[in-house]
Amino acid sequence: MAAETQTLNFGPEWLRALSSGGSITSPPLSPALPKYKLADYRYGREEMLALFLKDNKIPSDLLDKEFLPILQEEPLPPLALVPFTEEEQRNFSMSVNSA
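As a starting point, this report considers the structure included with it.

Calculation rules
Residues numbered from 1 in each chain as written. Predicted model: local features only at pLDDT ≥ 70, side-chain atom pairs only at ≥ 80, totals over all residues. Heavy atoms only, no water. Patch = residues over 30% accessible without salt bridge, like charges linked within 9 Å, V, L, I, M, F, W, Y side chains within 5 Å. Areas by Shrake-Rupley, 256 points an atom, 1.4 Å probe, with all protein chains shown as cover. Salt bridge = Lys/Arg side-chain N within 4 Å of Asp/Glu carboxyl O. Helix = DSSP H or I, 4+ residues; strand = E, 2+ residues; numbered from the N terminus. Phe/Tyr/Trp six-rings, centres within 6.5 Å; stacked < 30°, edge-to-face > 60°. Buried < 20%, exposed > 50% of the residue type's maximum accessible area, 1.4 Å probe, protein only. Contact = heavy atoms within 4.5 Å.

## Comments concerning a nonpolar patch on the surface
Here is step 1: A cluster of nonpolar side chains, Tyr41, Tyr43, Met48 and Leu51, forms an exposed patch at the surface whose accessible area comes to about 540 Å².
Here is step 2: Counting through the fold element by element, Tyr41 comes out in the loop between α2 (13-19) and α3 (45-51).

Now the structure itself:
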């Protein structure tokens, strides 16, 4: 019988107060996260896409025998500028769990 009258004391204090009929309405604020220094040069999506120039030529420094196997004469455009195919549009418009 003594076990029935004892209350359990685990979990945060604000949660125990709620279960015992206390008047706490919200948990206490968590400590502030430390502020990290952001990079000096940050670019968003639009700025990065604006840097792409279709007519850019390969830099002469890369026309070395070392880089020739991996170079393409015509650069591929960023995927953000390539329109979706019909199949991609169909898949993108469907619900994730539909199939």
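## What about the packing of aromatic side chains?
Here is step 1: Summed over the entire model, instances satisfying the criterion amount to one aromatic pair.
Here is step 2: Ring centres of Phe84 and Phe92 lie 5.5 Å apart, and the angle between their planes is 40°; on these two criteria the pair is classed as tilted.
Here is step 3: In this structure Phe84 comes out as partly exposed when scored by relative accessible area, which is 47%.
Here is step 4: We classify Phe92 as exposed; its relative accessible area is 65%.

## Digging into the environment of Leu62
Here is step 1: Examined against the element boundaries, Leu62 turns out to sit in the loop between α3 and α4 (86-93).
Here is step 2: Beyond its immediate sequence surroundings of up to four residues, Leu62 is in contact with Phe67 and Leu71.

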